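Listed here are the chains, written in short residue letters.
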Amino acid sequence: MTRTDLVVIGGGPAGAAIAALAATGGAKTLLIEKDRFPRDKVCGEFLSAEGCAVLARLGVLPALIDKGAMPMDACLLADAKGRSVTAPLPDLPGAGRTAFGISRAVLDAVLLNHAASCGVTVCEQVVAIRPILENGRVMGVVTRPANGAGADESVGAALVIAADGRRSMLQRALHPAIGDPLITSPRSWFGFKAHFPDRARGLSRRIELYVFDGGYAGLGAIENARVDLALIARVDALNACGNSPQRLFEERMLNNPLLRARLGNDPPCSAWKTIGPLRFNVRKPASHGAMFLGDAAGTIDPFSGEGMSNAVHGAELALPFVLDALASGGLNEAAARAWTSAWRDAFAPVTRRARLIGRIFQHPRPAALAMGLLRLPHGARWLPSLVAATRTGAA
Ligand SMILES: Cc1cc2nc3c(=O)[nH]c(=O)nc-3n(C[C@H](O)[C@H](O)[C@H](O)COP(=O)(O)OP(=O)(O)OC[C@H]3O[C@@H](n4cnc5c(N)ncnc54)[C@H](O)[C@@H]3O)c2cc1C
């Protein structure tokens, strides 16, 4: 068995950020990632002002701007009939209101390279398949090459952090009651994304949210003159469109005159990418001596546009707990409780509020009512409050 101080499972924003921070703090850190970067991912690719502030502190924001990240400082919300309301994004004291659109292929690769440059040993195309448990504590992980060719290996560590996304292997291994994340129920949601040519060339500087019968979508400019269209849809809407994201897009979304004008008749310039079923909830951020970060700790409704921000902000919040745990040979019960309450205070309320707001806009009647209120004289000033309600507010 090889040994290290810290094993991080997952090289997305949460994993790359905590690995970089811990390595900079002196921890011998190994990061295990099942894919090879750059890789694409279903996401609205909207990095909120709060997330930008964390990435600026990590020192990677200039590289993202250099690679063409598109600034945004306003948001538009449109209902299925094309009625819309526009407002500036809410100001984040100390950080301003500018958000960025950047593809996950670029963002995640920049973050992972940054982790490597901080001294993290990055193992791509390696899957963490199960925890090593001793007396009910996670003492390491067993890994396997992603292509299946090669032997399993055991890695022991003083601390294991699972930043392995919403289907976290470690959460499922430690809490089998979570169940099979691939089982679809009639209330399940699926996510899709495709890139389109950016007819406005980023000039709108807006993140645009389009509500449709059966779901909602986010549209925003990213690098290389493209826009990202990411949507989530209820399984019944998807079934009604023959489980085809392109049909869902044509039959449920393109009848929105605003979106039609925005995208024109341009076909997508990428294939549709699909994920699901999706669940949005809060889980345990610490268990059996291990820590969880990002979507593995709790998955926020994408209506908020805060998932990546929460992932990197959570890494900053976790750093003192990680360094203390490493100094004392592991995460003891008191430290696990302290980390759990720090994580819950920061992220549980916004995750719940985002789910409520997302639900309102996922159903035609409440969405129409909310839109009616937002379109009243002076109603648009509530839109920034709605956006701010899903932020932790840490600049
Ligand atoms: C439709 C949709 C739109 C969204 N839009 C936005 C948006 O516009 N803005 C925003 O901020 N958020 C958005 N989100 C949320 C955002 O994508 C997530 O919150 C964010 O990716 C969480 O980061 P993470 O690092 O926790 O997990 P992930 O980004 O999921 O990273 C987890 C990593 O772990 C790896 N991994 C998983 N299992 C293993 C294993 N067993 N061994 C090794 N590696 C493993 C994966 O390959 C992956 O690279 C959206 C989500 C959806 C579904």
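Preceding block: the structure.
Quick summary incoming for the structure in this document. (Residues numbered from 1 in each chain as written. Predicted model: local features only at pLDDT ≥ 70, side-chain atom pairs only at ≥ 80, totals over all residues. Heavy atoms only, no water.)

Things to note about the state of the cysteines
Turning to step 1, where the next piece is worked out: Considering all chains together, one arrives at zero disulfides under this definition.
Turning to step 2, where the next piece is worked out: Cys 118 carries a free sulfur, and the closest cysteine sulfur to it, the one in Cys 123, is 16 Å from it.
Turning to step 3, where the next piece is worked out: A relative accessible area of 21% means that Cys 118 is categorised as partly exposed.
Turning to step 4, where the next piece is worked out: A disulfide-free cysteine, Cys 269 has its sulfur positioned 16 Å from the sulfur of Cys 43, the nearest such atom. (Disulfide = S-S within 2.5 Å. Buried < 20%, exposed > 50% of the residue type's maximum accessible area, 1.4 Å probe, protein only.)

A short note on the sheet that holds strand 3 (residues 46-47)
Turning to step 1, where the next piece is worked out: Taken in spatial order, the three strands make up an open sheet running 3-7-4, and their pairing is antiparallel. The open sheet has two free edges, formed respectively by strand 3 and strand 4 (70-72), since each of these has just one partner strand.
Turning to step 2, where the next piece is worked out: Sheet topology places strand 3 next to strand 7 (residues 99-101); two bridges connect them, and they run antiparallel. Bridged to Leu 47 within strand 7 is Phe 100. (Pairing = 2+ DSSP bridges. Helix = DSSP H or I, 4+ residues; strand = E, 2+ residues; numbered from the N terminus.)

Describing helix 1 (residues 13-24)
Turning to step 1, where the next piece is worked out: In a regular helix each residue adds 1.5 Å, so 12 residues correspond to 16 Å; helix 1 covers 16 Å between its end C-alpha atoms and thus fits that length.
Turning to step 2, where the next piece is worked out: For helix 1, the set of buried residues is Pro 13, Ala 14, Gly 15, Ala 16, Ala 17, Ile 18, Ala 19, Ala 20, Leu 21, Ala 22 and Ala 23.
Turning to step 3, where the next piece is worked out: Among the structural elements, strand 1 (2-9), strand 2 (29-33), helix 2 (49-58), helix 4 (104-117), strand 11 (153-162) and helix 9 (307-327) are those in contact with the buried residues of helix 1.
Turning to step 4, where the next piece is worked out: Directly after helix 1, the chain includes Gly 26, whose backbone phi takes a positive value near 105°. (Expected span 1.5 Å × (residues − 1). Contact = heavy atoms within 4.5 Å.)

A few points about the pattern of salt bridges
Note that side chains of opposite charge can pair when their charged atoms are close.
Turning to step 1, where the next piece is worked out: Counted by the stated rule, this structure contains 20 salt bridges.
Turning to step 2, where the next piece is worked out: For Arg 262, the salt bridge is made with Asp 198, and the minimal N-O distance between the two is 3.9 Å. With Arg 262 in helix 8 (residues 257-263) and Asp 198 in the loop between strand 12 (189-197) and strand 13 (206-212), this residue pair connects regions lying 64 residues apart in the sequence.
Turning to step 3, where the next piece is worked out: Between Arg 247 and Glu 251 there is a salt bridge, with the nearest N and O atoms lying 2.8 Å from each other. With a gap of four residues between them, Arg 247 and Glu 251 both fall in helix 7 (residues 245-253), about one helical turn apart. (Salt bridge = Lys/Arg side-chain N within 4 Å of Asp/Glu carboxyl O.)

Focus on a nonpolar patch on the surface
Turning to step 1, where the next piece is worked out: Nonpolar side chains collect at one region of the surface, where Leu 369, Leu 373, Leu 376 and Trp 382 lie side by side and expose about 420 Å² of accessible area between them.
Turning to step 2, where the next piece is worked out: Tracing the chain through its elements places Leu 376 in the loop between helix 11 (364-374) and helix 12 (382-388).
Turning to step 3, where the next piece is worked out: Take Leu 376: its relative accessible area is 43%, and that puts it in the partly exposed class. (Patch = residues over 30% accessible without salt bridge, like charges linked within 9 Å, V, L, I, M, F, W, Y side chains within 5 Å. Areas by Shrake-Rupley, 256 points an atom, 1.4 Å probe, with all protein chains shown as cover.)

Notes on helix 2
Turning to step 1, where the next piece is worked out: By the criterion of burial, helix 2 is predominantly enclosed, with eight of the 10 residues buried.
Turning to step 2, where the next piece is worked out: All of the buried residues along helix 2 are Ala 49, Glu 50, Gly 51, Cys 52, Ala 53, Val 54, Leu 55 and Leu 58.
Turning to step 3, where the next piece is worked out: On its buried side, helix 2 packs onto helix 1, strand 3, helix 3 (61-66), strand 7, helix 4 and helix 9.
Turning to step 4, where the next piece is worked out: Two residues or fewer after helix 2 comes Gly 59, characterised by a positive phi angle close to 90°.

Points about the site of the ligand
Turning to step 1, where the next piece is worked out: Around the ligand lies a shell of 36 residues, among which Glu 33, Gly 44, Phe 46, Asp 295 and Met 308 are the nearest.
Turning to step 2, where the next piece is worked out: Contact distances for the ligand include 2.7 Å between a nitrogen atom and a backbone N or O atom of Gly 44.
Turning to step 3, where the next piece is worked out: In the model, an oxygen atom of the ligand is placed 3.4 Å from a nitrogen or oxygen of the Gly 305 main chain.
Turning to step 4, where the next piece is worked out: When the ligand is considered free in solution it has 1,000 Å² of accessible area, and contact with the protein chains removes 93% of it.
Turning to step 5, where the next piece is worked out: Elements that contribute at least two residues to the shell around the ligand include exactly helix 1, strand 2, strand 9 (126-134) and helix 9.
Turning to step 6, where the next piece is worked out: Among the residues making up the shell around the ligand, the classes are represented as 18 nonpolar, eight polar and 10 charged. (Near = heavy atom within 4 Å. Polar contact = N/O pair within 3.5 Å; in protein donor to acceptor, adjacent residues only side chain to side chain. Nonpolar A, V, L, I, M, F, W, Y, C, P; charged D, E, K, R; others polar.)

Quick word on the layout of surface pockets
Turning to step 1, where the next piece is worked out: Its volume calculated, the second largest pocket comes out at about 440 Å³.
Turning to step 2, where the next piece is worked out: The wall of the second largest pocket is formed by 16 residues, among which Arg 187, Ser 188, Trp 189, Leu 278 and Arg 359 lie closest to the centre.
Turning to step 3, where the next piece is worked out: For the lining of the second largest pocket, the secondary structure elements donating two or more residues are strand 16 (273-278) and helix 10 (333-362).
Turning to step 4, where the next piece is worked out: For the lining of the second largest pocket, the leading source of residues is helix 10, giving three residues.
Turning to step 5, where the next piece is worked out: For the lining of the second largest pocket, the residue count by class is five nonpolar, five polar and six charged. (1 Å grid on protein atoms, 1.4 Å probe; cavity = no way out; pocket = protein on both sides within 12 Å on 5 of 7 lines; lining within 4 Å. Points joined across faces, edges and corners; volume = space filled by probe spheres on them.)

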